[in-house]
Amino acid sequence: MAQAGTARLPLLGQLKPPSSPPQGKADYTLRISPVSVELDRSHIISTIGYNGTAPGPVLRMREGKPVSVEVINDTDTPELVHWHGMLIPPEVDGTQEEGSPYVPPHGRYRFQLTPGPAGSRWYHSHAMAMDDLHKGAFTGQFGFVYVDGANDPGRYDQELFLALRDWEPFFTATMEDDDDDTHNDPVLEKPATLNTDPNGLEVGSMTYSINDKALGSAEPIRVREGQRLLIHFLNASAIENRRIALAGHKMRVIALDGNPVPTPQAVDSIFLGAGERVDVIVEMTHPGVWILGSTEKMIREAGLGVVVEYAGQHRQPQWIDPPRSPWDYTIFGQPASTSPPPEKTIETIFEKIPGGAGRFNSWLVNGKSYPHESEFVLQKGTRYRLFMRNRSDDAHPMHLHRHLWELVEMNGKKTAGVIKDTVVVPYYGRAVVDFTADQPGLSLFHCHIQQHMDYGFKALFRYA
Ligand SMILES: [Cu+2]
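Residues numbered from 1 in each chain as written. Predicted model: local features only at pLDDT ≥ 70, side-chain atom pairs only at ≥ 80, totals over all residues. Heavy atoms only, no water.

(A) Main features of the coordination of the copper ion. Protein coordination at the copper ion comes from H396 (ND1), C447 (SG) and H452 (ND1), with a distance range of 2.0 to 2.1 Å. Between consecutive donor residues of the copper ion, the sequence gaps follow H-x50-C-x4-H. On the criterion of sequence distance, the pair formed by H396 in strand β27 (residues 396-400) and H452 in helix α2 (residues 450-454) is long-range, its members being 56 residues apart. Among the residues examined, H396 registers a relative accessible area of 0% and is labelled buried. (Donors = N, O, S within 2.8 Å, 3.2 Å for Na, K, Ca; no water. Helix = DSSP H or I, 4+ residues; strand = E, 2+ residues; numbered from the N terminus. Buried < 20%, exposed > 50% of the residue type's maximum accessible area, 1.4 Å probe, protein only.)

What follows is the structure, encoded as structure tokens:
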């Protein structure tokens, strides 16, 4: 949608609130209903989406300005709309475990929320799926929320919202993901003896897109030499972590999970766990026709990419493999703090029970599956150091609802100043974050891979 004087959004429309909404009408309306997604001309899939599309519209909100969102559920399944990365109360967080109300089948629910903090947030179904791959995050119920505020991304000529996505999930014994890229030196949490029981089925996919189009079927992102692109990436996958590159270009990372980083850095590729966002600035200095997409050839060729075309250039889109350097959050941080660490610590240990849920694996937090009744009780106003020890052979994107955490250590490497809501804990690795318990009410802590969450990989944090 072209907008005079602001960024062009070639791949997604935006919903803006009317300047003076009519009495009784919500600022935004989201309608949950069946949709068709035309990934390419010969591949149209059926799923559930918002407002007739998947992803749903980019919702633009202003930090601190209360809004109402009317959600109308045209399906026969109770639904939950979660506002990922927002600091809002449990009643509107869209999470059954926290006691948020469902949007009833063929019913509606009006959210009243105050958007914040500023930056790239997103909304998605938080319904459980279990062994039904047509529910929850496996559907097309996802979209960006961009909260405008004091963040200054600098000058740019185009702003793009790109959601990475896989479709048509199936249960499989073999996984194709980029977890090796989470790097693993040292393997601080590798158990001395490994459970060698045969693994249960995980979820895979063979069809991918950026937003709603497979590589080659969207209109190219059209650029001119000398332009600067601001790209908001979201990994909206229910399943997998992903690495992305733009052939011929470096990307300057300016924000992680929507929060500006202390030390922006230009990198050859970016890595996003399921649920994570990365904002980058790209200088268009290398005329040609290029592919922006997954660094995995098979996944890129199965749809996860989009063409970037300079004005006046006409040729086959080119791909160049970027150097294989491990993804490291800490390069965007600042030197570790020398002040004393928070006195209160929370220990979490993640383990997989291969085949622990019949055909599937089950997952333990501190030796047990959900629920945890009394294990995690927070004192309001207290700052905590949270240790996440991953004693499994998968990387897990861990998310804590309604709070922001500051990265202090990744696999033994100290840092400060990187503020996130989701962190990929490398396999057999460790992540340590600090956070302040300043959001009373229940808060869900979980792996953002839908199947892992459904089969035990979650815990409730509660306030005393
Ligand atoms: Cu997981």
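Additional details are given in the paragraphs that follow.
(B) Fine view of the side chain of E202. Its location among the elements puts E202 in strand β12 (residues 202-204). Within the buried set, E202 has no salt-bridge partner at all; the shortest N-O distance to an opposite charge, 5.0 Å, is to K352. Within the local environment of E202, its side chain forms a polar contact with the side chain of H452, the two groups lying 2.9 Å apart. (Lys, Arg positive; Asp, Glu negative; His and termini not counted. Salt bridge = Lys/Arg side-chain N within 4 Å of Asp/Glu carboxyl O. Polar contact = N/O pair within 3.5 Å; in protein donor to acceptor, adjacent residues only side chain to side chain.)

(C) A look at the pairing of strand β20 (residues 277-283). Across the seven residues of β20, six count as buried, placing the element largely inside the fold. For strand β17 (residues 251-256) and β20, the ladder comprises four bridges, and the chain directions are antiparallel. Bridge pairing in β20 places R252 opposite I281. (Pairing = 2+ DSSP bridges.)

(D) Quick look at the packing of aromatic side chains. Considering all chains together, one arrives at 20 aromatic pairs under this definition. Arranged with centres 5.5 Å apart and planes meeting at 20°, the rings of W363 and F457 form a pair that is stacked. Here the residue W363 occupies a position in strand β24 (residues 360-365), and F457 occupies one in the loop between α2 and β34 (458-463), the gap between them amounting to 94 residues. Using a relative accessible area of 1% as the deciding quantity, one classes W363 as buried. Grouping aromatic residues by their ring pairs yields a cluster made of F350, W363, F376, Y384, W405, F435, F445, F457 and F461. The ring of W167 is capped by R165, whose NZ or CZ atom sits 4.7 Å from the centre of that ring. (Phe/Tyr/Trp six-rings, centres within 6.5 Å; stacked < 30°, edge-to-face > 60°. Lys NZ or Arg CZ within 6 Å of the ring centre and 35° of its normal.)

(E) Inspection of the nonpolar core at higher detail. Counting residues in hydrophobic clusters, the biggest one holds 70 residues, and the most contacted among them are F233, I270, L292, M388, W405 and F445. With sequence-adjacent residues up to four places away left out, M388 is seen in contact with T348, F350, M398, W405, V425, G429, R430, A431, V433 and F445. Within the second largest apolar cluster, 20 residues are counted, among which are L30, V92, Y123 and V145. (Core = buried A, V, L, I, M, F, W, Y, C linked by side-chain atoms within 4.5 Å. Contact = heavy atoms within 4.5 Å.)

(F) Structural context of the sheet that holds strand β10 (residues 158-167). The mixed open sheet is built from six strands, whose spatial order is β13-β10-β15-β20-β17-β18. If you trace the sheet from one side to the other, it starts and ends with β13 (207-210) and β18 (259-267), each paired once. On average, each strand axis in the sheet is inclined to that of its neighbour by 20°, with strand direction left out of account. Bridging between β17 and β18 involves five bridges; their strand directions are antiparallel. In the sheet register, V253 faces β18, and the bridge partner there is Q265. (Axes fitted to C-alpha atoms, helices over the stretch in contact; angles between N-to-C directions.)

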